[in-house]
Amino acid sequence: MARPTQAHMSQSWESNRASGFKDMKKRQMEYYMGAKLIEVGVDPKAAIFRWSLEQKNGRETWTYSAYWADSKEELLLKEKEEQS
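Scoring rules and cut-offs
- Once a new chain begins, its residue numbering starts again from 1 and follows that chain's sequence as written.
- Only residues with pLDDT of at least 70 get local features here, since the model is predicted, and only at 80 or more are side-chain atom pairs given and counted; chain-wide, interface and lining totals rely on the full set of residues.
- Calculated side-chain values reflect all of the structure's heavy atoms, with hydrogen atoms and water omitted.
- When DSSP finds at least two bridges between two strands, those strands are taken to pair.
- Secondary structure is summarised from DSSP: a helix means a run of H or I of at least four residues, a strand means a run of E of at least two, and numbering begins at the N terminus for each.
- Orientation is described by axes fitted as lines to C-alpha atoms, over the contacting stretch for helices, and by angles from 0 to 180 degrees between their N-to-C directions.
- Residue contacts follow a heavy-atom distance rule, with two residues in contact if any of their heavy atoms lie within 4.5 Å.
- Planes of paired rings set the category: under 30 degrees apart is stacked, over 60 is edge-to-face and the rest tilted, where pairs are Phe, Tyr or Trp rings (Trp by its six-membered ring) whose centres lie within 6.5 Å.
- Burial classification: accessible surface area is computed with a 1.4 Å probe over protein chains only, and a residue below 20% of its type maximum counts as buried, one above 50% as exposed, and the rest as partly exposed.
- What makes a salt bridge here is a side-chain nitrogen of Lys or Arg within 4 Å of a carboxyl oxygen of Asp or Glu, nothing more.

1. Things to note about the sheet that holds strand E2 (residues 48–56)
Reasoning step 1: The sheet built from three strands is open, its strands ordered E1-E3-E2 with antiparallel pairing. The open sheet has two edge strands with one neighbour each: strand E1 (6–14) and E2. Direction aside, neighbouring strands of the sheet carry axes that sit 15 degrees apart on average.
Reasoning step 2: In this structure, E2 lies alongside strand E3 (residues 59–67), joined through nine bridges in antiparallel fashion. Each bridged residue has a counterpart across the sheet, and for Phe49 the counterpart in E3 is Ala66.
Reasoning step 3: Docked against the sheet, helix H1 (residues 19–39) engages E1, E2 and E3, running at close to 160 degrees with respect to E1.
Reasoning step 4: Running over the sheet, helix H2 (residues 69–83) touches E1, E2 and E3 and is turned about 65 degrees from E2.

Here is the structure:
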């Protein structure tokens, strides 16, 4: 079975929450993502990370994604093509 080459973590909260709250939650997600990568045997320094935001019905859902190995190369190629 192939090993995964990406991971995603999401959290939602009300859009009107204070920016300090949102910043704290995002830092927590970054920390936990790094810990999870180490736990599964991936060096966090070898991965690239991206944030995405979805707003719906007064709520924000922030997703933190990590990509390594083949997924990292595919994402970088896709981003490079989009810039051209």
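2. Thoughts on the packing of aromatic side chains
Reasoning step 1: Applying the stated criterion to the full structure yields five aromatic pairs.
Reasoning step 2: Aromatic side chains Trp13 and Phe21 sit 5.8 Å apart centroid to centroid with 85 degrees between the ring planes, which places their arrangement in the edge-to-face category. The same class applies to Trp13 as to Phe21, namely buried.
Reasoning step 3: Both rings, one in Phe49 and one in Tyr64, keep their centres 5.4 Å apart while their planes meet at 10 degrees; by these two values the pair is stacked. Residue Phe49 is located in strand E2, and its partner Tyr64 is located in strand E3; the two are separated by 15 residues in the primary sequence.
Reasoning step 4: Among the aromatic residues, those joined into a cluster by ring pairs are Phe49, Trp51, Trp62 and Tyr64.

3. As for the pattern of salt bridges
Reasoning step 1: For the structure on display, the rule yields four salt bridges.
Reasoning step 2: Arg59 is paired through a salt bridge with Glu14; the nearest N and O atoms lie 2.7 Å apart. Linking Arg59 in strand E3 with Glu14 in strand E1, this pair joins segments that are 45 residues apart in sequence.
Reasoning step 3: Overall, Arg59 belongs to the partly exposed group, its relative accessible area being 33%.
Reasoning step 4: One salt bridge in this structure joins Lys22 and Glu60, with 3.0 Å as the shortest N-O distance. Taken together, the residues Lys22 in helix H1 and Glu60 in strand E3 connect sequence positions 38 residues apart. There is no split in this pair, since Lys22 and Glu60 are both buried.

Keep in mind these numbers describe shape, not what the thing actually does.
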